[in-house]
Amino acid sequence: MARKVIIDCDPGIDDAVALCLALYEPRFEVLAITATGGNVSPQQASRNAHVILEQIDPPRYPRLGEASLHHLPRTDAKQFHGHDGLGNSGFRVSDLHHLHPSEKLICDTVRAAPDEVTIITLGPLTNVAAAFQRDPELASLVDRIIISGGTVTASGNVNPAAEFNMFNDPESARAVFRSRTTKTLVPLDVTQQLTLTLDFLNHLPKRGTSVGEFLGKIIPFFFRAYRQKGQESIHLHDVVTLFAALHPELFQTTEMAGDVETSGDLTTGATVFDRRLTPVWRPNMEVATEIDVSAVTDCLIRGLAEVG
Ligand code: RIB
Ligand code: CA
């Protein structure tokens, strides 16, 4: 039986790679892709989710949720993903009509399959928090939520304290961290261990395939952007998070009590964990602490070959 998943994302190039793998994965039934602002504006994120579906033409089309315009991200990551979020590739897309808001699509999808749906969040937690607010029982009806973001001991990437997804909507992140849902967090401590050099371009699906054509257009931009920041390799944070759902055997996790700072000039968006010798906070999530980096890299390369 394929695992029912919702993928909430702010595409974004690493989101896009994760979506390519997920949408061609026979062990996943991707019921919905719900867009949220983050790497790019909410409007652009909704458009990009649609572009990705049209470009890669997956075997099964999920429903598409439109990012909320009510919450504007505090910053963006266009310097890494391009002003359009997909490597300035200039993809055209057919008009989108009558999309449901992402938060409503999350509610409807979970309600239609209570206790069966895994939500994989690859961007700020705006939509999930809004869905939990819209339907207060929803948090207990989600099978598990697997979250890309935060840090335990690693430095932030937006600033020394905060990781991008948490920084962009700390109030929503705190609401989700404090929700009754069973949670797995995949923090930068782990996702930044996957580093890919230019050789990775030789492992993309063949250019004759839809995914090969698409990734061949967006990934080179990512390498140029990272090189402009002085880094010869790229991170695919959201692919690592996807693999926490697909290949959990490659991850070590530990029960932890975590929360999110929502105020403070220097610390807003920081994820804070009670790691005292005798913790007082009640554990509220599984946190990925170690990955088998070479096995994750192999799974990525094999997964892309299968897609091709
Ligand atoms: O901090 C990395 C995360 O922020 C990734 O999900 C990336 O796509 C951005 O959303
Ligand atoms: Ca993302």
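To be clear, the structure that these remarks concern was listed above.
The notes below deal with the structure included here.

1. Re the site of ligand 1
(1) Moving on: Close to ligand 1 lie Asp10, Asp14, Asp15, Asn39, Leu122, Ser148, Asn157, Glu163, Phe164, Asn165, His237 and Asp238, which account for all nearby residues.
(2) Moving on: Within the side chain of Glu163, one N or O atom sits 2.5 Å away from an oxygen atom of ligand 1.
(3) Moving on: Between ligand 1 and the protein, one listed contact pairs an oxygen atom with a side-chain N or O atom of Asn165 at 2.9 Å.
(4) Moving on: Protein contacts shield 96% of the accessible area of ligand 1, which totals 280 Å² for the unbound molecule.

2. Digging into the pattern of salt bridges
(1) Moving on: For the coordinates displayed, the defined rule picks out 12 salt bridges.
(2) Moving on: For Arg174, the salt bridge goes to Asp259, with nearest N and O atoms at 3.4 Å. Taken as a pair, Arg174 in helix 7 (residues 170–177) and Asp259 in strand 11 (residues 258–260) lie far apart in primary sequence, 85 residues in all.
(3) Moving on: Ionic pairing is found between Arg207 and Glu213, a salt bridge with its closest N-O pair at 3.9 Å.

3. What to know about the packing of helix 2 (residues 42–56) against helix 9 (residues 210–228)
(1) Moving on: Packing of helix 2 against helix 9 leaves a shortest axis separation of 8 Å and a crossing angle of 135°. One element, helix 2, and the other, helix 9, form an angle in the oblique class. Seen from helix 2, the contacting residues are Ile52, Gln55 and Ile56; seen from helix 9, they are Ser210, Val211 and Phe214.

Analysis parameters
- Residues numbered from 1 in each chain as written.
- Chains lettered and ligands numbered in written order.
- Predicted model: local features only at pLDDT ≥ 70, side-chain atom pairs only at ≥ 80, totals over all residues.
- Heavy atoms only, no water.
- Near = heavy atom within 4 Å.
- Polar contact = N/O pair within 3.5 Å; in protein donor to acceptor, adjacent residues only side chain to side chain.
- Areas by Shrake-Rupley, 256 points an atom, 1.4 Å probe, with all protein chains shown as cover.
- Salt bridge = Lys/Arg side-chain N within 4 Å of Asp/Glu carboxyl O.
- Helix = DSSP H or I, 4+ residues; strand = E, 2+ residues; numbered from the N terminus.
- Axes fitted to C-alpha atoms, helices over the stretch in contact; angles between N-to-C directions.
- Parallel < 35°, antiparallel > 145°, perpendicular 65-115°, else oblique.
- Contact = heavy atoms within 4.5 Å.

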